[in-house]
Amino acid sequence: GGVFFERENQSLMNVDDVKRELGAARLLEIEAIFKEYDTDNSKTITPDELRAILVRIDERATPERVEEIMASADLNVDGAVDWNEFLMMVYSSEKAGHETSFAKAYRKVKATVVRGVGDAQYSYTEEERVSFS
């Protein structure tokens, strides 16, 4: 069971396996950023929510830029990025050692958001050391 997504090399990766590999603490950290993007609590990131994040981090928020970033992460092409798509984007970027446009925005938002998750505090320095460096 589980949700599968295709990798660039056409093999399938299971979201449940990715969650196990990342571990609970890392998942909570990524979820905190997802929730920061998902301002209407719809469990998806819409183009308007992405545009607001880009403006907040002083990135170009042209319609073309928003469309480019959404296209890189919206795997089921439903016009929004859900939790699994966001998670797979972060995981794939980390594994490939590069950043997608969406991941760059993620990293910049992480620099502005320090969240307590359970007993743990995550700071930009810790996150940057782990990934996207």
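Read on for an overview of the structure. (Residues numbered from 1 in each chain as written. Predicted model: local features only at pLDDT ≥ 70, side-chain atom pairs only at ≥ 80, totals over all residues. Heavy atoms only, no water.)

**What about helix α1 (residues 15–22)?**
Stage number 1. All of the buried residues along α1 are Val15, Val18 and Leu22. In a view along the axis of α1, the buried residues occupy a sector of 55°, so they form one face of it.
Stage number 2. In this structure Asn14 caps α1, since a side-chain oxygen of it lies 2.6 Å from the backbone nitrogen of Asp16.
Stage number 3. Trailing α1 by a residue or two, Gly23 shows a phi angle of about 85°, which is positive. (Buried < 20%, exposed > 50% of the residue type's maximum accessible area, 1.4 Å probe, protein only. Helix = DSSP H or I, 4+ residues; strand = E, 2+ residues; numbered from the N terminus. Arc of directions from axis to C-beta. Polar contact = N/O pair within 3.5 Å; in protein donor to acceptor, adjacent residues only side chain to side chain.)

**What to know about unusual backbone geometry**
Stage number 1. Residues other than glycine seldom take positive phi values, yet Asn41 does so here, at roughly 55°.
Stage number 2. By secondary structure assignment, the location of Asn41 is in the loop between α2 (24–37) and β3 (44–45).
Stage number 3. According to the relative accessible area criterion, Asn41 is exposed, its value standing at 62%.

**Description of the pattern of salt bridges**
Stage number 1. Considering all chains together, one arrives at 5 salt bridges under this definition.
Stage number 2. Between Asp48 and Arg51 there is a salt bridge, with its nearest N and O atoms 2.5 Å apart. Of this pair, Asp48 and Arg51 both sit in helix α3 (residues 47–56), separated by 3 residues, roughly a single helical turn.
Stage number 3. Using a relative accessible area of 28% as the deciding quantity, one classes Arg51 as partly exposed.
Stage number 4. Between Glu68 and Arg65 there is a salt bridge; the shortest N-O distance is 3.4 Å. Of the two residues, Glu68 and Arg65 are both situated in helix α4 (residues 63–73); the distance of 3 residues between them amounts to about one turn of the helix. (Salt bridge = Lys/Arg side-chain N within 4 Å of Asp/Glu carboxyl O.)

**Side note on the packing of α1 against helix α5 (residues 83–96)**
Stage number 1. Where α1 meets α5, the axes come as close as 11 Å, and the angle between the chain directions of the two elements is 60°. Put simply, α1 runs oblique to α5. For the crossing formed where α1 meets α5, the hand is left-handed. Residue-level contacts link Val15, Val18, Lys19, Glu21 and Leu22 of α1 to Trp83, Asn84, Leu87, Met88, Tyr91, Glu94 and Lys95 of α5.
Stage number 2. Of the residues assigned to the contact of α1 with α5, the class counts are 7 nonpolar, 1 polar and 4 charged. (Axes fitted to C-alpha atoms, helices over the stretch in contact; angles between N-to-C directions. Parallel < 35°, antiparallel > 145°, perpendicular 65-115°, else oblique. Left-handed = near helix turned anticlockwise from the far one by under 90°. Contact = heavy atoms within 4.5 Å. Nonpolar A, V, L, I, M, F, W, Y, C, P; charged D, E, K, R; others polar.)

Shape is all these values report; function is a separate question.
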